[in-house]
Amino acid sequence: MNPQLEGIEAITGTYAFDLRVSNRTLKLNRFFWHMIRAEHRETFLNDPVAAMTAAGLTVDEQAMVQAQDWLGLVRHGVNFFVLEKFARVVRKTNLEVYALMRGESLEAFMATRRVPTMR
């Protein structure tokens, strides 16, 4: 383990994304990265299972994608910056994703913000 990450598991809500995690989840992160291309978005929207299977995603990874399990995907090792690309494909804003990661409605999440009316 990277000595800089020693003890990180003790920090609640922290999910390190290092080379080991990056290597383990490379196919899944590439799948999300490719959402920058219209043809990949279209393929996914037309047949999600075929798109995920072609990308080499595991059954568990496919289930997380289909459930839009945002926090589960981050815990599994998805880089949030590529996850944002997928959020746009399924028409979710960052604020909606943040709320879902916290297990809250968008309205409940926004009530915790300094400017709750800004979207």
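Quick caveat, the model's predicted, so the values are computed rather than measured.

A. A look at the UniProt feature "domain: Extradiol ring-cleavage dioxygenase LigAB LigA subunit" (unreviewed entry) in the protein chain. UniProt's feature table lists "domain: Extradiol ring-cleavage dioxygenase LigAB LigA subunit" (unreviewed entry) at residues 28–114, given in the numbering used throughout. Between the first and last C-alpha atoms of residues 28–114 the distance is 34 Å; the span itself is 70% helix and 0% strand.

B. Seen up close, the environment of R37. Its place among the elements puts R37 in the loop between α2 (26–33) and α3 (38–46). Reaching out from R37, the side chain makes a polar contact with the side chain of H34 at a distance of 2.8 Å.

C. Seen up close, the nonpolar core. The biggest cluster of nonpolar side chains holds 21 residues, and the ones touching the most others in it are F31, F32, F44, V65 and L73. Among the secondary structure elements, those contributing two or more residues to this core are α2, α4 (48–54), α5 (59–67), α6 (70–76) and α7 (80–89). Broken down by element, this core gets its largest block of residues, five residues, from α7. In contact with F44, other than residues within four places in its own chain, are F31, M35, A51, M52, V65, F86, V89 and V90.

D. α7, seen in detail. For α7, every residue scored as buried is listed here: V82, L83, E84, F86, A87 and V89. Those residues of α7 that are buried lie in contact with α2, α3, α5, α6 and α8 (94–101). Looking at where α7 begins, the residue whose side-chain oxygen comes 2.8 Å from the main-chain nitrogen of F81 is N79. With its phi angle positive at about 60 degrees, R91 sits one or two positions after the end of α7.

E. Representation of the packing of aromatic side chains within the structure. For the structure shown, the criterion picks out seven aromatic pairs. Considering the side-chain rings of F44 and F86, the 5.4 Å spacing of their centres and the 80 degrees angle between planes classify their relative orientation as edge-to-face. One end of the pair, F44, is in helix α3; the other, F86, is in helix α7, with 42 residues separating them in the sequence. Of the residues examined, F86 reaches a relative accessible area of 1% and is grouped as buried. An aromatic cluster of three or more residues is present, and its members are F31, F32, F44, W70 and F86.

What counts and how
Residues numbered from 1 in each chain as written. Predicted model: local features only at pLDDT ≥ 70, side-chain atom pairs only at ≥ 80, totals over all residues. Heavy atoms only, no water. UniProt positions renumbered as here; feature names shortened; annotations may be inferred. Helix = DSSP H or I, 4+ residues; strand = E, 2+ residues; numbered from the N terminus. Polar contact = N/O pair within 3.5 Å; in protein donor to acceptor, adjacent residues only side chain to side chain. Core = buried A, V, L, I, M, F, W, Y, C linked by side-chain atoms within 4.5 Å. Buried < 20%, exposed > 50% of the residue type's maximum accessible area, 1.4 Å probe, protein only. Contact = heavy atoms within 4.5 Å. Phe/Tyr/Trp six-rings, centres within 6.5 Å; stacked < 30°, edge-to-face > 60°.

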